[in-house]
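# Understanding the architecture of this molecule
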Amino acid sequence: MTSEEMAQHVAAICRDESIRVLPHSRGGRASKAHKVIAIRPVKSAITYAVALHELGHVLGPWQSQPRLYAEAGAWKWAREVAGIWTPSMEEKMSRSLHSYVLWAERRAPRIKLPEDDHEFWMLLGVPPEPRKRAPAKRRRRRVSVLRMIFGR
Ligand SMILES: [Zn+2]
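The structure contained in this document is the topic of the report that follows.

Reading the values: the criteria
Residues numbered from 1 in each chain as written. Predicted model: local features only at pLDDT ≥ 70, side-chain atom pairs only at ≥ 80, totals over all residues. Pairing = 2+ DSSP bridges. Helix = DSSP H or I, 4+ residues; strand = E, 2+ residues; numbered from the N terminus. Axes fitted to C-alpha atoms, helices over the stretch in contact; angles between N-to-C directions. Buried ≥ 20, exposed ≤ 12 C-beta atoms within 10 Å, placed from the backbone. Core = buried A, V, L, I, M, F, W, Y, C linked by C-beta atoms within 7 Å. Contact = placed C-beta atoms within 7 Å. Expected span 1.5 Å × (residues − 1).

### Some remarks on the sheet that holds strand β2 (residues 28-31)
Across the sheet, which stays open at both edges, the three strands sit in the order β1-β3-β2 with mixed pairing between neighbours. One side of each edge strand has no neighbouring strand; the edge strands of this open sheet are β1 (20-23) and β2. Here the strands of the sheet are splayed against their neighbours by 15 degrees on average, with no regard to which way each runs. Relative to strand β3 (residues 36-39), β1 is paired through four bridges, and the arrangement is parallel.

This is the structure we're talking about:
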């Protein structure tokens, strides 16, 4: 699949689904309500993966669920519709989902992580076992101790 074909595939989906495309300088954004995505031009496997991921936020599953589920749903949809799925695209998906796990853990326990048997963890590419909430809590406690010492 050439990068030209990747760009045409994304353009065809946008045309068929009446989704508007806005330019974006880095990464991507999507609004399901407004049927609009903001992406970089599709010129590589990575920009193709990200474009499909953003389309997945409009057309994919789990989009009305909490953030981590929505992210996984958008990647699941992207991988299903992609004309090609390279190791670099898989890595992009895995890194992206991992960054959301780290984000959720920093906000623990307010953000709910998907259940151990949720497809999220298969998409992420690692079993749920290695994730721990403990380090985030410990770090938070250390910060508050410093606050007690230094008064801020
Ligand atoms: Zn996303």
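### Thoughts on the environment of Pro 87
Inspection of the secondary structure assignment puts Pro 87 in helix α4 (residues 87-106). Pro 87 gets classed as exposed once you count the C-beta atoms within 10 Å, which come to 8. A C-alpha to C-alpha distance of 9.5 Å links Pro 87 and Ala 45, two positions 42 residues apart in sequence.

### Comments concerning the nonpolar core
Core analysis: the largest hydrophobic core is formed by 35 residues, its most contacted members being Tyr 48, Ala 49, Ala 51, Ala 72, Leu 97 and Phe 120. Among the elements of the structure, α1 (3-16), β3, α2 (45-59), α3 (67-81), α4 and α5 (119-124) are those that each provide at least two residues to this core. The element contributing the most residues to this core is α2, with nine residues. Leaving out residues up to four positions away in the same chain, Ala 51 has contacts with Val 10, Gly 28, Ile 39 and Val 42.

### Brief notes about the environment of Tyr 100
Residue position: Tyr 100 is located in helix α4. Classification of Tyr 100 by C-beta neighbours within 10 Å gives partly exposed; the count is 18. Separated by 28 residues in sequence, Tyr 100 and Ala 72 have C-alpha atoms that sit 9.8 Å apart. With sequence-adjacent residues up to four places away left out, Tyr 100 is seen in contact with Arg 67, Leu 68 and Glu 71.

### Re α4
With 20 residues, α4 should cover 28 Å at 1.5 Å per step; its first-to-last C-alpha distance of 28 Å lies within 8% of that length. Those residues of α4 that sit buried are Met 89, Lys 92, Met 93, Leu 97, Val 101 and Ala 104. Along its buried surface, α4 packs onto α2, α3 and α5.

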